[in-house]
Amino acid sequence: MTPLAAALARRIAATGPITVEAFMAACLADPEHGYYRGGDKLGRAGDFTTAPEISQIFGELLGLWSAETWRLLGAPTPVALVELGPGRGTLMADALRAIGRAMPQFRAALAVHLVEISPGLRAAQREALAAAAPTWHDDIAQLPDGPLIVLANEFFDALPIRQLERAGGAWHERVVTLADGALRLARGPVIADPPLEPGHRTAPDGGIVEIAPAARAVVTQLASRIVRDGGAALIIDYGPGASAPGDSLQAVRRHAPVDALAEPGRADLTAHVDFAALARVAVEGGAAAYGPVTQATFLVRLGLAQRLAVLLRNASGTQARDVASGAQRLIDPADMGNLFKVLAIGPHGRAVPPGFEFPGLAGGT
Ligand code: SAH
């Protein structure tokens, strides 16, 4: 048993079962034992690898997206370039390099703000981004006033979700309880009027649906900031384009799936991001939502092939093969291309942000 599992077992024994949401929140962000309170878990030697760690093209294209979006917004100055959950700082470093080349006016107008809870990853970001002199925040509520352009890659999947189970025509909270001293998932109390998405209504008896209160709250805050101060946000993550029933809670350690209850605090615990729900919340908050489109569609529209061609001109041998296969992984439908989606949020009445010109082509799962 991990130290967090023991602590949760004591808590459940004393005060009863806890919700899946409380369990996930503890696993990821418990002040003492939470997964993201520890050191750097990314990359080949860690637990999982993300797009910016696979190819520099990812961060570069997001930098170009930010620059073009800033221009379309009327080039507000000064502006905050914000990243939520910046990992090792790789994405932001690649983005800033591309911005500096493509639109030096934007580079000069922006200040970098990072929202990060992990002390270990903050240290990595401090190193990767020393020249950009970023400002760190624990929470998006602390971001400075004024226009902001926000990037979030694989941030929303790390926010706690609720699970509800349909049984006998009623909705029950899913909880974590104790059985023979071990943590177990179970059907909890009936919830009278749960905040379901329209796509959840088709759940069969015994079906599970997921609601992400924390993700909804972040999007509500982003939308109100964008409406008030101007700016835009780009959310990239894995999940379906449309809300649907299903249990997507998954734990990963050293690049392999593990039981979600087996190693609390030691394994990464995530859930699919419900993009339709986030778009709905953004629109309810007074903003415009674009997409989701698949990551493959988005990156190809932003010029992935052209950027790859330039990089290949300066590479040879294994380096060229690595560069090409990294770019391929980002857009391959069998890899990240289809499962990952991209959603943008902006003010009403502005040009469609780059990559979202034909929102009807989202496709994928
Ligand atoms: N965006 C990076 C890292 C993704 S991992 C990349 O693409 O490589 C998730 C990131 O979100 C980590 O940096 C993690 O520490 C951070 N994080 C997770 N939960 C958070 C929270 N509640 N508030 C702020 N940051 C959080």
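Reading guide: rules and limits
- Residues numbered from 1 in each chain as written.
- Predicted model: local features only at pLDDT ≥ 70, side-chain atom pairs only at ≥ 80, totals over all residues.
- Heavy atoms only, no water.
- Buried < 20%, exposed > 50% of the residue type's maximum accessible area, 1.4 Å probe, protein only.
- Helix = DSSP H or I, 4+ residues; strand = E, 2+ residues; numbered from the N terminus.
- Pairing = 2+ DSSP bridges.
- Near = heavy atom within 4 Å.
- Polar contact = N/O pair within 3.5 Å; in protein donor to acceptor, adjacent residues only side chain to side chain.
- Areas by Shrake-Rupley, 256 points an atom, 1.4 Å probe, with all protein chains shown as cover.
- 1 Å grid on protein atoms, 1.4 Å probe; cavity = no way out; pocket = protein on both sides within 12 Å on 5 of 7 lines; lining within 4 Å.
- Sits in = over half its atoms within 2 Å of the grid points.
- Nonpolar A, V, L, I, M, F, W, Y, C, P; charged D, E, K, R; others polar.
- Axes fitted to C-alpha atoms, helices over the stretch in contact; angles between N-to-C directions.
- Phe/Tyr/Trp six-rings, centres within 6.5 Å; stacked < 30°, edge-to-face > 60°.
- Arc of directions from axis to C-beta.
- Contact = heavy atoms within 4.5 Å.
- Points joined across faces, edges and corners; volume = space filled by probe spheres on them.

Visitor: Describe in detail the pairing of strand β6 (residues 162-167), supporting the description with residues and values.
Guide: In terms of burial, β6 is a largely internal element, five of the six residues being buried. In terms of strand pairing, β6 meets strand β9 (residues 208-211) through four bridges, oriented antiparallel. Counted as the bridge partner of L164 is V209 from β9. Counted along the chain from β6 to the antiparallel partner strand β7 (residues 170-179), the turn is two residues long, and its residue G168 has a positive phi close to 60 degrees.

Visitor: An account of the site of the ligand is requested, with residue identities and associated values reported.
Guide: Around the ligand lies a shell of 18 residues, among which T50, G85, G87, E116 and N153 are the nearest. Within the side chain of E116, one N or O atom sits 2.4 Å away from an oxygen atom of the ligand. Interatomic distance of 2.7 Å between a backbone N/O atom of N153 and a nitrogen atom of the ligand. Within the complex, the protein chains bury 93% of what would otherwise be the 570 Å² of accessible surface of the ligand. Comparing atom positions with the cavity grids shows the ligand to sit within the largest pocket. Across the shell around the ligand, the residue classes break down as ten nonpolar, five polar and three charged.

Visitor: I'd love a proper account of the sheet that holds strand β4 (residues 135-137), names of residues and values included.
Guide: The seven strands are arranged β4-β3-β2-β5-β10-β15-β14 in an open sheet whose pairing can be described as mixed. Each end of this open sheet is capped by a strand with a single partner; those strands are β4 and β14 (288-294). Averaged over all neighbouring strand pairs, the angle between strand axes comes to 20 degrees, with direction disregarded. Strand direction decides the pairing type here: strand β3 (residues 110-115) and β4, joined by three bridges, are parallel. Note that in β4 the partner of H113 across the bridge is T135.

Visitor: Which residues make up the packing of aromatic side chains, and what values do they have?
Guide: A full pass over the atoms with the stated rule returns five aromatic pairs. Between Y238 and F340 the ring centres are 5.3 Å apart and the planes differ by 70 degrees, which places this aromatic pair in the edge-to-face class. Taken together, the residues Y238 in strand β10 (residues 231-238) and F340 in strand β15 (residues 340-346) connect sequence positions 102 residues apart. Relative to F356, the ring of F298 lies with its centre 5.4 Å away and its plane at 45 degrees, an arrangement referred to as tilted.

Visitor: Tell me what's going on with the sheet that holds strand β13 (residues 268-270), and back it up with residues and numbers.
Guide: Through backbone hydrogen bonds, the strands of a sheet pair up, either in parallel or in antiparallel fashion. In spatial order, the strands read β12-β11-β13; together these three strands make up an open sheet with antiparallel pairing. In this open sheet, the two edge strands, each paired with only one partner strand, are β12 (256-258) and β13. Going from strand to strand, the sheet's axes swing by 40 degrees on average, the running direction of each strand aside. Across three bridges, strand β11 (residues 250-253) lies against β13 in antiparallel orientation. Looking across to β13, one finds that V252 is bridged to D268.

Visitor: Give a description of helix α7 (residues 119-128) that names residues and reports values.
Guide: Here α7 has its buried residues at L121, R122 and Q125. Taken end-on, α7 shows its buried residues confined to a sector of 105 degrees, consistent with a single buried face. Against β3 and β4 lie the buried residues of α7.

Visitor: Give a detailed account of empty space enclosed by the protein, specifying residues and quantitative values.
Guide: Following the criterion strictly, the structure yields two cavities of 30 Å³ or more and no others. Taken as a whole, the largest cavity encloses approximately 90 Å³ of empty space. If you go around the largest cavity, the residues you meet are T69, L72, L73, G231, A232, Y290, I345, G346, P347, R350, A351 and P353. Elements that contribute at least two residues to the lining of the largest cavity include exactly α4 (56-72), β10 and β15. Every residue along the wall of the second largest cavity is listed here: C27, A251, A260, E263, P264, G265, A267 and L269. For the lining of the second largest cavity, the class distribution of residues is six nonpolar, one polar and one charged.

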